[in-house]
Amino acid sequence: MTTRLNSYLSFRDTAAPAMAFYQSVFGGNLVKNTFSEFHASEDPAEQDKLMHAELTTPNGMVLMAADTPNSMDLTVGTNHSLSLSGEDEQELRGYWDRLSDSGTVMEPLAQAPWGDSFGMCVDRFGVHWMVNIAGPKA
């Protein structure tokens, strides 16, 4: 898999209906995972919320989204990140190092519950980034 750059939207409790709406607009395949599936939250109120959703349209567009955990801030208008994902660890760690340099690391690039390496940062220009490096195949 080559490295991909995708838009990533954040919501507060409305990721599922938002992504269903975008699927009705653009068509395509929608894959959804909840916080409970990956044991990513101990808050009972968050178990059925979307930890990750990915819509892939027939012409190859990809839109990703998630519900922001209750413990994290969400400001409508700035609820958008750019997501870099792929299998080339050296390439993606290089991007991470350069993007997070002189920026703010929100979530260190480390092993995630779903088996990949994942991190979030805000670069020196205020742009939010997510980096996901695919883990070993099962």
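For clarity, every value in this text was computed on a predicted model and none was experimentally measured. (Residues numbered from 1 in each chain as written. Predicted model: local features only at pLDDT ≥ 70, side-chain atom pairs only at ≥ 80, totals over all residues. Heavy atoms only, no water.)

A. Broad picture of the nonpolar core. Residues Leu9, Phe11, Ala15, Ala18, Met19, Leu30, Leu50, Ala53, Leu55, Leu63 and Ala65 constitute the largest nonpolar core, which totals 11 residues. Looking at this core, the elements with two or more residues in it are strand S1 (4-11), helix H1 (15-26), strand S3 (50-56) and strand S4 (62-67). By size, the runner-up hydrophobic cluster in this structure holds nine residues, among which are Trp96, Leu99, Leu109 and Cys121. (Core = buried A, V, L, I, M, F, W, Y, C linked by side-chain atoms within 4.5 Å. Buried < 20%, exposed > 50% of the residue type's maximum accessible area, 1.4 Å probe, protein only. Helix = DSSP H or I, 4+ residues; strand = E, 2+ residues; numbered from the N terminus.)

B. Representation of the pairing of strand S6 (residues 104-111) within the structure. Relative to strand S7 (residues 117-122), S6 runs antiparallel, the two being bridged by five bridges. Paired with Thr104 across the two strands is Val122, which belongs to S7. What sits between S6 and S7 in their antiparallel hairpin is a turn of five residues, with Gly115 showing a positive phi close to 100°. (Pairing = 2+ DSSP bridges.)

C. Examining the sheet that holds S4 more closely. In spatial order, the strands read S2-S3-S4-S1-S5-S8-S7-S6; together these eight strands make up an open sheet with mixed pairing. Each edge of the open sheet is held by one strand with a lone partner, namely strand S2 (29-34) and S6. Within this sheet the neighbouring strands show an average axis-to-axis angle of 20°, counted without direction. In this sheet, strand S8 (residues 128-133) lies alongside strand S5 (residues 80-86) in parallel orientation, the contact comprising five bridges. In the sheet register, Ser85 faces S8, and the bridge partner there is Asn132. (Axes fitted to C-alpha atoms, helices over the stretch in contact; angles between N-to-C directions.)

D. Highlighting the side chain of His52. Assignment of secondary structure puts His52 in strand S3. Side chain to side chain, His52 and Glu54 meet in a polar contact 3.4 Å long. Contact partners of His52, with chain neighbours within four places excluded, come to Tyr8, Val31, Lys32, Asn33, Met64, Ala65 and Ala66. (Polar contact = N/O pair within 3.5 Å; in protein donor to acceptor, adjacent residues only side chain to side chain. Contact = heavy atoms within 4.5 Å.)

Read these as layout, nothing more, since geometry by itself doesn't imply function.
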